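Survey of secondary and tertiary structure
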Amino acid sequence: MKYPLLLTVLRDTFADSTRIRVSQEEILICCADLAKTVQRNYKPNLVIAIDTGGSVPGELIAKILDTPILHITIRRNINIGRMYNLDPIPLRWIMSAYHHFLFHTIKPTVSEGINVNISGKKVLIIDDSFHTGATIDVAIDYLRKASVSEIKTASLAYVSKRKPDFSVLPIGNYSFPWSKDFVNKVK
């Protein structure tokens, strides 16, 4: 295993407990701001929301842009069968580190694609947060095979040095109302 991956996994593991909570009201403001930024710089014919994280921002931004929206489901096959929130802290950290290791090493795949002709469209892909970029890369590859003419990416937030074309929140770990950790882990 390479050390940079190990450091990334450890950073992400400890970042779980320090995620910044974003309220529903803040989501509305962020989506409006993101839509304005997109409007000034890009005129998409179609918004593609990555389910489930990109669903809410995608729907809100598509409505503001008055642009049709489609959803694509991209998943990593990570099955950790139990929640480990109640385990003793050392075991919780080990399981969290293992989950982040899998997140960084298992390539996501399209599990539910788009069943309409989108060739020649200028597309804006929307997700809630841009982590490793692997999900966006899979979406971009999928859309290129569908012969779209242009692709730009947008997210509310990003975590790594790699950034989407459009975002509104500063670099950092965030928890959104639809996130699994929004109620339980984030303070």
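Residues numbered from 1 in each chain as written. Predicted model: local features only at pLDDT ≥ 70, side-chain atom pairs only at ≥ 80, totals over all residues. Heavy atoms only, no water.

So, on to the side chain of aspartate 127. In this fold, aspartate 127 is placed in strand β5 (residues 122-130). A relative accessible area of 10% places aspartate 127 in the buried class. A distance of 3.3 Å separates a polar atom in the side chain of aspartate 127 from the backbone nitrogen of glycine 54. Apart from the residues within four sequence positions on either side, aspartate 127 is in contact with Ile50, Gly53, Gly54, Thr135, Ile136, Ala154, Ser155 and Leu156. (Helix = DSSP H or I, 4+ residues; strand = E, 2+ residues; numbered from the N terminus. Buried < 20%, exposed > 50% of the residue type's maximum accessible area, 1.4 Å probe, protein only. Polar contact = N/O pair within 3.5 Å; in protein donor to acceptor, adjacent residues only side chain to side chain. Contact = heavy atoms within 4.5 Å.)

Its location among the elements puts serine 23 in the loop between β1 (20-21) and α2 (24-41). In this structure the C-alpha to C-alpha distance between serine 23 and phenylalanine 176, which are 153 residues apart in sequence, comes to 6.9 Å. Within the structure, serine 23 has its side chain in polar contact with the side chain of glutamate 25 (distance 3.3 Å).

Moving on, we come to the environment of leucine 169. Checked against the element boundaries, leucine 169 lands in the loop between β7 (166-167) and β8 (174-175). Judged by relative accessible area, which is 15%, leucine 169 ranks as buried. In this structure the C-alpha to C-alpha distance between leucine 169 and leucine 156, which are 13 residues apart in sequence, comes to 5.9 Å.

With that settled, consider the packing of α2 against helix α3 (residues 55-65). Taken N-terminus to C-terminus, the directions of α2 and α3 make an angle of 50 degrees; their axes are 9 Å apart at the nearest point. It follows from the interaxial angle that α2 and α3 lie oblique. Of the two elements, α2 crosses α3, and the hand of that crossing is right-handed. Residues Ile27, Leu28, Cys31, Ala32, Leu34, Ala35, Val38 and Gln39 of α2 pack against Val56, Pro57, Leu60, Ile61, Ile64 and Leu65 of α3. A per-class count over the contact of α2 with α3 returns 13 nonpolar, 1 polar and no charged. (Axes fitted to C-alpha atoms, helices over the stretch in contact; angles between N-to-C directions. Parallel < 35°, antiparallel > 145°, perpendicular 65-115°, else oblique. Left-handed = near helix turned anticlockwise from the far one by under 90°. Nonpolar A, V, L, I, M, F, W, Y, C, P; charged D, E, K, R; others polar.)

In this section: the confidence of the model for the protein. Any region with low pLDDT has predicted coordinates that should not be read closely. Mean pLDDT over the protein works out to 81, with 68% of the residues at or above the 70 mark. Summarising per-element confidence for the protein, the mean pLDDT is lowest in helix α1 (residues 3-15) (56) and highest in α3 (97). (pLDDT = per-residue confidence, 0-100.)

So, on to the pattern of salt bridges. A complete count under the given rule lists 1 salt bridge for this structure. Note that aspartate 137 is salt-bridged to arginine 162, the shortest N-O span being 2.5 Å. Within this pair, whereas aspartate 137 is found in helix α5 (residues 134-145), its partner arginine 162 is found in the loop between β6 (150-158) and β7, the two being separated by 25 residues in sequence. (Salt bridge = Lys/Arg side-chain N within 4 Å of Asp/Glu carboxyl O.)

Turning our attention to the packing of aromatic side chains. Counted by the stated rule, this structure contains 2 aromatic pairs. Pairing tyrosine 174 with phenylalanine 176 gives two aromatic rings, centres 6.4 Å apart and planes at 25 degrees, and the pair type is stacked. Across the pair, exposure class does not vary: tyrosine 174 and phenylalanine 176 are buried alike. Plain terms: the ring middles of phenylalanine 176 and tryptophan 178 are 5.3 Å apart, the flat faces sit at 10 degrees to each other, and that makes the pair stacked. Put simply, the rings of Tyr174, Phe176 and Trp178 touch in pairs and so form one group of aromatic residues. The positively charged end of lysine 152 is found above the aromatic ring belonging to tyrosine 42, 6.0 Å away from the centroid. (Phe/Tyr/Trp six-rings, centres within 6.5 Å; stacked < 30°, edge-to-face > 60°. Lys NZ or Arg CZ within 6 Å of the ring centre and 35° of its normal.)

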